[in-house]
Amino acid sequence: DTAVSQTPKYLVTQMGNDKSIKCEQNLGHDTMYWYKQDSKKFLKIMFSYNNKELIINETVPNRFSPKSPDKAHLNLHINSLELGDSAVYFCASAPQRETQYFGPGTRLLVL
Amino acid sequence: AQSVTQPDIHITVSEGASLELRCNYSYGATPYLFWYVQSPGQGLQLLLKYFSGDTLVQGIKGFEAEFKRSQSSFNLRKPSVHWSDAAEYFCAVGADNAGNMLTFGGGTRLMVKP
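The structure contained in this document is the topic of the report that follows.

Reading the values: the criteria
- Along each chain, the written sequence defines residue order, and numbers are assigned to residues from 1.
- Chain letters and ligand numbers both follow the written order, the letters beginning at A and the numbers at 1.
- Since the coordinates come from a predicted model, pLDDT governs what is reported: local features require at least 70, and pairs of side-chain atoms require 80 or more to be given and counted, while whole-chain, interface and lining totals use all residues.
- Derived side-chain values reflect all non-hydrogen atoms in the structure, with water molecules and hydrogen atoms excluded from consideration.
- Strands here mean DSSP runs of E at least two residues long; helices mean DSSP runs of H or I at least four residues long; both are numbered from the N terminus.
- Just to be clear, the radius of gyration here is over C-alpha atoms, and the globule rule we use is 2.2 Å times residues to the power 0.38.
- Residues count as neighbours in contact if any of their non-hydrogen atoms are within 4.5 Å of one another.
- Computed with a 1.4 Å probe, the accessible areas rest on the Shrake-Rupley method; for each residue, only the protein chains presented here act as cover.
- Only protein chains enter the area calculation, which uses a 1.4 Å probe; residues under 20% of their type maximum are buried, those over 50% are exposed, and those in between are partly exposed.
- Under this definition, polar contacts are N or O atom pairs within 3.5 Å; protein pairs additionally need one hydrogen-donor-capable and one acceptor-capable atom, and for neighbouring residues in sequence, both atoms have to be side-chain atoms.
- Throughout this description, the term nonpolar core refers to a set of buried Ala, Val, Leu, Ile, Met, Phe, Trp, Tyr and Cys residues connected via side-chain atoms within 4.5 Å.
- DSSP bridges decide pairing: two strands pair if at least two such bridges lie between them.
- Axis geometry follows a simple rule: fit a line to the C-alpha atoms, using only the stretch in contact for helices, then measure angles between N-to-C directions, giving values from 0 to 180 degrees.
- Two cysteine sulfur atoms form a disulfide, by the criterion used here, when they sit within 2.5 Å.
- Put simply, the grid is 1 Å and covers the protein atoms alone, a cavity is a trapped set of points that fit a 1.4 Å probe, a pocket is an open set with protein on both sides within 12 Å along at least five of seven lines, and lining residues have an atom within 4 Å of a point.
- Grid points are joined across faces, edges and corners, and a volume is the space filled by probe spheres set on the points.
- Residues are grouped as follows: nonpolar covers Ala, Val, Leu, Ile, Met, Phe, Trp, Tyr, Cys and Pro; charged covers Asp, Glu, Lys and Arg; every other residue, Gly included, is treated as polar.

### Some thoughts on the overall build of chain A
A tally of helices and strands in chain A yields zero helices and 11 strands. Ordered by position from N to C terminus, the α and β elements of chain A give β-β-β-β-β-β-β-β-β-β-β. The globule rule puts the C-alpha radius of gyration for 111 residues at 13 Å, and the 13 Å found for chain A is close to it. Counting contacts in chain A only where the partners sit at least 6 residues apart, residues at least 24 apart contribute 54% of the total. Of the accessible surface of chain A, which amounts to about 5700 Å², a share of 50% is contributed by carbon and sulfur atoms.

### Overview of the environment of L110 of chain B
Residue and element names in this part refer to chain B. Looking at where L110 falls in the secondary structure, it is placed in strand β12 (residues 108-113). For L110, a relative accessible area of 2% gives the class buried. A C-alpha to C-alpha distance of 27 Å links L110 and N100, two positions 10 residues apart in sequence. The residues contacting L110, other than those within four sequence positions of it, are I11, V13, L19, D85, A86, A87 and Y89.

### Digging into the side chain of Q37 of chain A
Of note, Q37 of chain A is situated in strand β4 (residues 31-37). Relative accessible area serves as the criterion here: at 3%, Q37 of chain A is assigned to the buried category. For Q37 of chain A, the side chain forms a polar contact with the main-chain oxygen of K41 of chain A, separated by 3.1 Å. Discounting residues that sit within four places of it in the chain, Q37 of chain A has contacts with F42, L43, A87, V88 and F90 of chain A together with Q38 and F90 of chain B.

### Describing the side chain of N75 of chain B
Residues and elements named next belong to chain B. Looking at the secondary structure, you find N75 in strand β9 (residues 73-78). Classification of N75 as buried rests on a relative accessible area of 15%. Polar contacts involving the side chain of N75 include one to the side chain of E20, which spans 3.4 Å. Other than its neighbours up to four places away in sequence, N75 contacts E20, L21, R22, C23, W35, E64, A65 and E66.

### Description of the nonpolar core
All names here are of chain B. Formed by 28 residues in total, the largest nonpolar core has its most connected members in L19, W35, L47, L48, F74, L76 and Y89. Secondary-structure elements contributing two or more residues to this core are β2 (10-14), β3 (19-21), β5 (32-38), β6 (44-50), β8 (64-68), β9, β10 (87-94) and β12. No other element matches β10, which puts four residues into this core. Excluding anything up to four places from it in sequence, L48 contacts L33, F34, W35, V57, Q58, G59, F63, E64, A65, F74 and L76.

### Considering the sheet that holds strand β8 (residues 75-78) of chain A
All names here are of chain A. Strand order in the open sheet made by the four strands is β1-β3-β8-β7, with antiparallel pairing throughout. Only two strands of the sheet have a single neighbouring strand rather than two, namely β1 (4-7) and β7 (64-67). Pairwise comparison of adjacent strand axes, ignoring direction, gives a mean angle of 20 degrees for this sheet. Here strand β3 (residues 19-25) pairs with β8 via three bridges, running antiparallel. What sits directly across from I21, in β8, is L76.

### Topic: the state of the cysteines
Residue and element names in this part refer to chain A. Evaluation of the coordinates by the stated rule reveals two disulfides over all chains. One disulfide bridge connects C23 with C91, the sulfur atoms lying 1.8 Å from each other. Between C23 and C91 the sulfur-sulfur dihedral comes to about -75 degrees; the bridge is accordingly left-handed. Of the two residues, C23 is situated in strand β3 and C91 in strand β9 (residues 87-94); the sequence distance between them amounts to 68 residues. Residue classification places C23 among the buried positions, given a relative accessible area of 1%. On the accessibility criterion, C91 (0% relative accessible area) is buried.

### Quick look at the layout of surface pockets
The probe, sized like a water molecule, is rolled over the atoms to show the empty space still left. In this structure, the largest pocket occupies an estimated 220 Å³ of space. Taken together, 12 residues form the lining of the largest pocket, with I45 and N57 of chain A together with A1, Q2 and T103 of chain B sitting closest to its centre. Taken together, the residues that form the lining of the largest pocket break down as six nonpolar, five polar and one charged.

The following block contains the structure:
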């Protein structure tokens, strides 16, 4: 009955690989988000998405792309992984533009 | 663009003592303001939020925060800290004109002494 879930919880991979992180919410929310938390705990928005509009933080490399198969899912695809992509990635969802509920995070380590 | 500053990177308080965590924001319009808490290895849990109305908002776990427009602040307070409150605390501002993507402060790590 987890509200916002992410898989996998941990992801260890080699530089240059392509990987995906999945996010699912069962709250019926319209908007979903991806955030990156770096090693210094700094949280930064990456994307905001609902079924009509994708807003991309201009600092996010185009190697990162969100894919939404349906309203309850927003997956994060990362191409050509780099060492600097190592971080914790959080998915969140919100009804319209209100309080965001966060998933447990996916810890990505690029070797 | 909006920004959030949490001036204190670390704070240590004794159990039972009062707590205030500072948050200053920069945003051109009326902000949506949030406090989240993150325990080690965990996700983010919402403590409280301010959208409009009463400037003193109550949250979970005995926390409250006060929105002061004149000072561009949204400080978090708790009258008596418990050891289980030790965690990382994040203040955030949401911008309605940008899909309400949150801008977070750098966080304040709270340590509680027995």
